[in-house]
Amino acid sequence: MERVIVIGAGMGGLATALRLAHKGFDVTVLEKQAKPGGRSNVIEEEGFRFDMGPTILVMKEAFDETYRALGLDINERLDFRQLDPNYRIYYHDDTYVDLFANMAQLAQEVEKVEPGVTERLFRFIGDSARKYELGMDFVERNYDHITDLANPQAGVRLVQTQAYQNLYGQVSRYFHSDKLRKAFSFHSMFLGLSPFDALAMYSLITYADLALGMYFPMGGIYSIIEDMLQLADEFGVTVRTNAPVAEICVENGRAVGVRLESGEEIPAEIVVSNADLPYTYQNLLAPQHRKRYPDRRFSKMDYSCSGYILYLGVNQTYENVRHQALYFSEDYRANLDDIFVNKRVPAEPSFHLNIPSLTDPSLAPEGHSAIYVLAPMPNLDGNDFSWDETAPVVRKQLIDRIGRILGDPEFENHIVFEREYRPTDWLVDINAMYGTAFGSLSQGFFQSSFFRPHNKARDIEGMYFVGQGTYPGIGMPMVLISSRLVTERITQEWL
Ligand SMILES: Cc1cc2nc3c(=O)[nH]c(=O)nc-3n(C[C@H](O)[C@H](O)[C@H](O)COP(=O)(O)OP(=O)(O)OC[C@H]3O[C@@H](n4cnc5c(N)ncnc54)[C@H](O)[C@@H]3O)c2cc1C
């Protein structure tokens, strides 16, 4: 059977390795870092366990499908708990609103902010559901020709839902208060897009969150990676860590294997790169093999944002807080423009606050909490400030605000473990272009579906891509769907 090399042990790379091994291919995964997982990595120290990247699991069906394709039931292997509310949203004036998946509770909650909004809320969710159906028509498929976009039913839905409008503008027609506009437009940030630039189409993510539910695997997201690694072992997949690939070897227009930084050459008939796609083209493939993807093509593309993260172990537990929370600074627009347009650190950062030890106390020592805070930040393209100078300032702002949210004026003194992650770390650790966090290429219209770089290199036989850089795009469910799409392609072409 053909030999496959998967470059990178991110979630998409591991899922592809499992799917291909299940089909009978001889698969080796090569990961540059010491620990597999990519963006979905873990810190385990001093009795704390922190997911380093993704913490919000929506569209669980993509996870279920990945395991079904392997002849397995993910729910028999991992213990998922539904989170409801999905998030608590905190505002600058110390008020908050809980975004419940339970629609009756959600309606009660938003009525407190904007009396009379219930009918508009339900209309918004119904319209977002139609956008979800529309979006999935374009997500769940491979693309070969631009005519693959021609879909009369989708065209009708596009007009009906006006999904081509601006996200924030459209959300503002359903919700009149600043607080609810924030609460129902921020989701595009998960794709690294400002709601002021994103298509209204992306309220499909709000629908996926609220109507399809948000889940937490006990042990955290990394327990999925650990389970995939166990399956890799059972399926005979070789996973090599500390094995950075320096070059994809191409002969006569065919991928013939890779060369590691150590100089070792590993032959293969098929190479699948799970490493960042712009990085792979520009750094692992010699220019003569990628005439359609020269460096200047990547320099013209749009890149998503980055983030600054604190992982905090605290010797307290807290009541009246939620597993997932978001804090929005007062001037939402200024915050987003600083990240996406002005490329500077926002004066007052908005952030995502995650306290998984509330659901799974085993993630922290008894009487302690594991706290993760992620503040979206500009990527490293064209920003001219130093993270060495900036990080302590942002850290202080985040800690002060979290102390206020938790009602703990001594919060900083209760921190017993602390690690941080900066935009520069994604660049070095993951080879993420411009230190982008969620994924590199942002998901505007012209970088989605057919227009996103394809999962098969046109100029090189046997060369494929999986993960956030190709279609459908950014986020765990998307990279799992991407693993299905590239597996379908490879099996059609090679089996
Ligand atoms: C802070 C943060 C929060 C996020 N939050 C969420 C969330 O809540 N929900 C959600 O669904 N998604 C979230 N995401 C996005 C999600 O994590 C990613 O889109 C997804 O995990 C990317 O997976 P991937 O398969 O593309 O591989 P990646 O995780 O990007 O992994 C690529 C792998 O390739 C390796 N590699 C790179 N170069 C080489 C080389 N030369 N040789 C060998 N190996 C190499 C890297 O080390 C890495 O392990 C978040 C991401 C981040 C960073």
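Please read these numbers as outputs of a predicted model, since none were measured by experiment.

A.B. asks: Hey, could you go over the environment of E461 for me, with residue numbers and the actual values?
C.D. replies: Turning to its location among the elements, E461 is positioned in the loop between α15 (423–430) and β19 (463–465). Separated by 84 residues in the primary sequence, E461 and M377 have C-alpha atoms spaced 38 Å apart. Leaving out residues up to four positions away in the same chain, E461 has contacts with G253, R254, A255 and K456.

A.B. asks: An account of helix α2 (residues 60–68) is needed here, citing residue identities and associated values.
C.D. replies: Spacing of three or four residues puts side chains on the same side of an α-helix, whose turn is 3.6 residues. Burial of α2 is extensive: seven of the nine residues sit out of reach of the surface. Among the residues of α2, K60, A62, F63, D64, E65, T66 and Y67 are the ones counted as buried. Contact partners of the buried residues in α2: α1 (11–22), α3 (74–77), β5 (80–83), β8 (214–217), α10 (222–234) and α16 (476–494).

A.B. asks: So what's going on with the sheet that holds strand β12 (residues 265–267)? Residues and values would help.
C.D. replies: What the three strands build is an open sheet, ordered β10-β11-β12; its pairing is antiparallel. Single-partner strands in this sheet number two, and they are β10 (245–251) and β12. Each strand of the sheet is rotated relative to its neighbour by a mean of 30°, with strand direction disregarded. Of the strand pairs in this sheet, strand β11 (residues 254–260) and β12 are connected by three bridges, and their pairing is antiparallel.

A.B. asks: Any details on the environment of R3? Residues and values, ideally.
C.D. replies: Take R3: it is sitting in strand β1 (residues 3–7). By relative accessible area, R3 is classed as partly exposed at 33%. Spatially, the C-alpha atom of R3 lies 41 Å from that of S203, the residues being 200 residues apart in sequence. When sequence neighbours within four positions are dropped, the list of residues in contact with R3 reads D26, P267, A268, E269 and I270. Engagement of the side chain of R3 in a polar contact is seen with the side chain of E269, the distance being 2.6 Å.

A.B. asks: Can you explain the domain arrangement of the chain? Please cite residues and give values.
C.D. replies: By a widely used convention, the size of an interface equals the accessible area lost when the partners come together. You can read the domains of the chain as domain 1 (3–44 + 220–301 + 443–494), domain 2 (81–215) and domain 3 (305–429). Computed over C-alpha atoms only, the centres of domain 2 and domain 3 are separated by 24 Å. With 27 residues of domain 2 at the contact, the number on the domain 3 side is 21 residues. Of the roughly 2,200 Å² buried at the junction of domain 2 and domain 3 (both faces included), carbon and sulfur atoms supply 64%. The three residues of domain 2 that bury the most area against domain 3 are R88, Y90 and H92, which together make up 30% of that side's buried surface. Here domain 2 and domain 3 share three salt bridges between them. The shortest N-O distance in the salt bridge between R401 and D94 comes to 3.4 Å. At the junction of domain 2 and domain 3, the tally comes to 14 residue pairs in polar contact (both at pLDDT 80 or more). At the level of secondary structure, the elements contributing two or more residues to the side of domain 2 that touches domain 3 comprise β5, β6 (87–91), β7 (96–99) and α8 (178–183).

A.B. asks: Give a description of the side chain of E114 that names residues and reports values.
C.D. replies: Residue placement: E114 occurs in the loop between α4 (103–113) and α5 (118–139). Within the structure, E114 has its side chain in polar contact with the side chain of S177 (distance 2.7 Å). When near neighbours in sequence (up to four residues on either side) are disregarded, E114 contacts R120, Y174, F175, H176, S177 and L180.

A.B. asks: How would you summarise the packing of α1 against α16 if you had to cite specific residues and measurements?
C.D. replies: Put simply, α1 and α16 touch, their axes get as near as 8 Å, and they point 35° apart. Judged by the twist between their axes, the crossing of α1 over α16 is right-handed. Of the residues in α16, those touching α1 at M11, G12, A15, T16, R19 and L20 are M476, V479, L480, S483, R484, V486, T487 and I490. A per-class count over the contact of α1 with α16 returns eight nonpolar, four polar and two charged.

A.B. asks: Residue-level account of the packing of aromatic side chains, with values.
C.D. replies: Two aromatic rings, taken as a pair, are described by how far apart their centres are and by the angle between their planes. Inspection of the entire model under this criterion finds 35 aromatic pairs. Geometrically, the ring pair formed by F124 and F175 is edge-to-face, given 5.2 Å between the ring centres and 70° between the ring planes. On the criterion of sequence distance, the pair formed by F124 in helix α5 and F175 in the loop between α7 (167–174) and α8 is long-range, its members being 51 residues apart. Summarising the burial analysis for this pair, F124 and F175 share the class buried.

A.B. asks: Tell me what's going on with the site of the ligand, and back it up with residues and numbers.
C.D. replies: Near the ligand you find 40 residues, and of these G12, E31, R39, I56 and F438 are the closest. At a separation of 3.2 Å, an oxygen atom of the ligand approaches a polar backbone atom of T55. In the model, a nitrogen atom of the ligand is placed 2.9 Å from a nitrogen or oxygen of the N431 side chain. Coverage of the ligand by the protein amounts to 97% of the 1,000 Å² it exposes when considered alone. Those elements that place two or more of their residues in the shell around the ligand are α1, β17 (369–377), α15 and α16. The residue inventory of the shell around the ligand, partitioned by class, reads 21 nonpolar, 15 polar and four charged. Lining the shell around the ligand are residues from two domains, each supplying at least three of them: domain 1 (3–44 + 220–301 + 443–494) and domain 3 (305–429).

A.B. asks: Mind laying out the sheet that holds β1, listing which residues take part and the relevant values?
C.D. replies: Hydrogen bonding along the main chain pairs the strands of a sheet, whether they run parallel or antiparallel. Strand order in this open sheet of five strands is β9-β2-β1-β13-β19, and the pairing throughout is parallel. Where the open sheet ends on each side, the last strands, each with one partner, are β9 (238–240) and β19. Neighbouring strand axes in the sheet, compared pairwise and without regard to direction, differ in orientation by 20° on average. In terms of strand pairing, β1 meets strand β2 (residues 26–30) through five bridges, oriented parallel. The partner of V6 across the bridge, within β2, is V29. Along the sheet face, α1 touches β1, β2 and β13 (270–273) and points at about 165° away from the line of β2. α16 rests against β13 and β19 of the sheet, and its axis sits at about 160° to β19.

Rules used throughout
- Residues numbered from 1 in each chain as written.
- Predicted model: local features only at pLDDT ≥ 70, side-chain atom pairs only at ≥ 80, totals over all residues.
- Heavy atoms only, no water.
- Helix = DSSP H or I, 4+ residues; strand = E, 2+ residues; numbered from the N terminus.
- Contact = heavy atoms within 4.5 Å.
- Buried < 20%, exposed > 50% of the residue type's maximum accessible area, 1.4 Å probe, protein only.
- Pairing = 2+ DSSP bridges.
- Axes fitted to C-alpha atoms, helices over the stretch in contact; angles between N-to-C directions.
- Polar contact = N/O pair within 3.5 Å; in protein donor to acceptor, adjacent residues only side chain to side chain.
- Domains from an automatic or database assignment.
- Buried area = accessible area lost by both parts, 1.4 Å probe.
- Salt bridge = Lys/Arg side-chain N within 4 Å of Asp/Glu carboxyl O.
- Left-handed = near helix turned anticlockwise from the far one by under 90°.
- Nonpolar A, V, L, I, M, F, W, Y, C, P; charged D, E, K, R; others polar.
- Phe/Tyr/Trp six-rings, centres within 6.5 Å; stacked < 30°, edge-to-face > 60°.
- Near = heavy atom within 4 Å.
- Areas by Shrake-Rupley, 256 points an atom, 1.4 Å probe, with all protein chains shown as cover.

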